[in-house]
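Structure assessment
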Amino acid sequence: MTKPLNGKSALITGGSRGIGAAIAKRLAREGAAVTITYVSTNGEADRVVESIRKDGGAARAIFADAREVGQGAAAVADTVEHQGGLDILISNAGVNRFKPLQELDDDSYDLVFDVNVRGSMEVIRAAAGVMPDGGRIVAVSATIANDFFMPGLGLYGASKAALNAFVQGWSRDLGPRNITINAIVPGPIDTDMNPSDGDLGPTLHQLVSIRRHGRPEEVAALASFLVGPEAGYITGARIIIDGGMTA
């Protein structure tokens, strides 16, 4: 059977673990050549690439720190050079700092907004500049942008709310070129940043209709649909995948 993403080139920022890694594996399985970025260590990224190649896919990993000005654009340029173009961007790189108001400091603010907002803007802007008409952009947001279930979430939530606003606004800018841009809005997903068996697990499960964390592969399935051929009329959307947490 023909794979839906055959011949497509994809870049996934923050693709060495968790949701990003699951998306990279899914898109590669559907035929896309993928580049993932990492920032902390290349060990995890290498394992993702090895897994994809073992399954017959095409993958590579490059260092890119979303906090550093110019590195997102450089990752786009590198992907174009090595894969012959760029059709799909998954802007997934992000950080969190959960602190109540009185404990917030300027360094935390700068880090979270540099990565989640400015870094996302840079890589999306660069990608849109080189994509052919009909390209696909997905930003990974969070339900915390609109749903604050405990103290200390204001900073992270504000950064993701800004990302959601970017997606909605930029859908108008990119629409004339048939480039879609959407936000995936996950609730609690079982990753090393938010493990199902962590301290918050029981509390979160009581808030979720399905009573469990989501799996990264479930988020990847949604991303796969949004970048595929059947999602051409979906843009500017914020699609919640949270097991009913915000229902």
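Scroll up a little and you will see the structure.
Residues numbered from 1 in each chain as written. Predicted model: local features only at pLDDT ≥ 70, side-chain atom pairs only at ≥ 80, totals over all residues. Heavy atoms only, no water.

For helix H3 (residues 71-83), spanning 13 residues, the distance from its first C-alpha to its last is 18 Å, which sits close to the expected 18 Å at 1.5 Å a residue. Listed in full, the buried residues belonging to H3 are Gly-72, Ala-75, Val-76, Thr-79 and Gln-83. One side of H3 holds all its buried residues, which, seen down the axis, span an arc of 100 degrees. Packed against the buried residues of H3 are strand E1 (9-12), strand E2 (33-38), strand E3 (58-63) and helix H4 (106-130). Phi for Gly-84, located one or two positions after H3, is positive at around 80 degrees. (Helix = DSSP H or I, 4+ residues; strand = E, 2+ residues; numbered from the N terminus. Expected span 1.5 Å × (residues − 1). Buried < 20%, exposed > 50% of the residue type's maximum accessible area, 1.4 Å probe, protein only. Arc of directions from axis to C-beta. Contact = heavy atoms within 4.5 Å.)

Glancing now at the environment of Ser-91. Tracing the backbone through its elements, the reader meets Ser-91 in strand E4 (residues 88-91). When the C-alpha atoms of Ser-91 and Met-121 are compared, they prove to be 9.2 Å apart, with 30 residues separating the residues in sequence. Beyond its immediate chain neighbours, meaning those up to four positions away, Ser-91 contacts Thr-13, Ser-120, Val-123, Ile-124, Val-138, Ala-139 and Val-140.

We now examine unusual backbone geometry. In this structure, Asn-178 takes a positive phi of about 60 degrees despite not being glycine. When you line up the elements, Asn-178 lands in the loop between helix H5 (154-174) and strand E6 (180-186).

A few words now on the side chain of Asn-182. Relative to the elements of secondary structure, Asn-182 occurs in strand E6. On the accessibility criterion, Asn-182 (1% relative accessible area) is buried. Polar contacts involving the side chain of Asn-182 include one to the main-chain amide nitrogen of Ala-237, which spans 3.0 Å. Non-local contacts of Asn-182, meaning those with residues more than four positions away in its chain, are made with Ile-137, Val-138, Ala-139, Val-167, Leu-226, Ile-234, Thr-235, Gly-236 and Ala-237. (Polar contact = N/O pair within 3.5 Å; in protein donor to acceptor, adjacent residues only side chain to side chain.)

The next subject is the sheet that holds E6. Spatially, E3-E2-E1-E4-E5-E6-E7 is the arrangement adopted by the seven strands of the open sheet, whose pairing is parallel. Strand pairing shows two members of the sheet lacking a second neighbour, E3 and strand E7 (238-241), which therefore form its edges. Across the sheet, the mean angle separating the axes of adjacent strands is 20 degrees when strand polarity is ignored. Summarising the sheet, E1 and E4 pair through three bridges and their orientation is parallel. Bridge assignment links Leu-11 to a residue of E4, and that residue is Leu-89. Against the sheet, helix H2 (residues 42-54) engages E2 and E3, with an angle of about 170 degrees to E3. (Pairing = 2+ DSSP bridges. Axes fitted to C-alpha atoms, helices over the stretch in contact; angles between N-to-C directions.)

The next thing to look at is the nonpolar core. In terms of nonpolar packing, the biggest core is built from 31 residues, with Ile-12, Ile-23, Leu-27, Val-34 and Ile-90 touching the most fellow members. For this core, the secondary-structure elements that each account for two or more residues are E1, helix H1 (18-29), E2, H2, E4, strand E5 (136-140) and helix H7 (216-227). It is H1 that provides the largest number of residues to this core, a total of seven residues. Those residues in contact with Ile-90 that lie beyond four places of it in its chain are Leu-11, Ile-12, Thr-13, Ile-23, Leu-27, Val-138, Val-140 and Val-227. In this structure, Leu-86, Ala-126, Ile-137 and Ile-181 belong to the second largest nonpolar core, which totals 23 residues. (Core = buried A, V, L, I, M, F, W, Y, C linked by side-chain atoms within 4.5 Å.)

A word on the packing of aromatic side chains. Tallied over the full model, the rule gives four aromatic pairs. With centroids separated by 4.6 Å and ring planes inclined at 20 degrees, the aromatic side chains of Tyr-109 and Phe-113 adopt a geometry described as stacked. One end of the pair is Tyr-109 and the other is Phe-113, both in helix H4 and four residues apart, which spans about a single turn. A ring pair is formed by Phe-166 and Trp-170, whose centres lie 4.3 Å apart and whose planes are at 10 degrees; its orientation type is stacked. With Phe-166 and Trp-170 both in helix H5, this residue pair falls four residues apart, about one helical turn. Residue classification places Trp-170 among the buried residues on the basis of a relative accessible area of 18%. (Phe/Tyr/Trp six-rings, centres within 6.5 Å; stacked < 30°, edge-to-face > 60°.)

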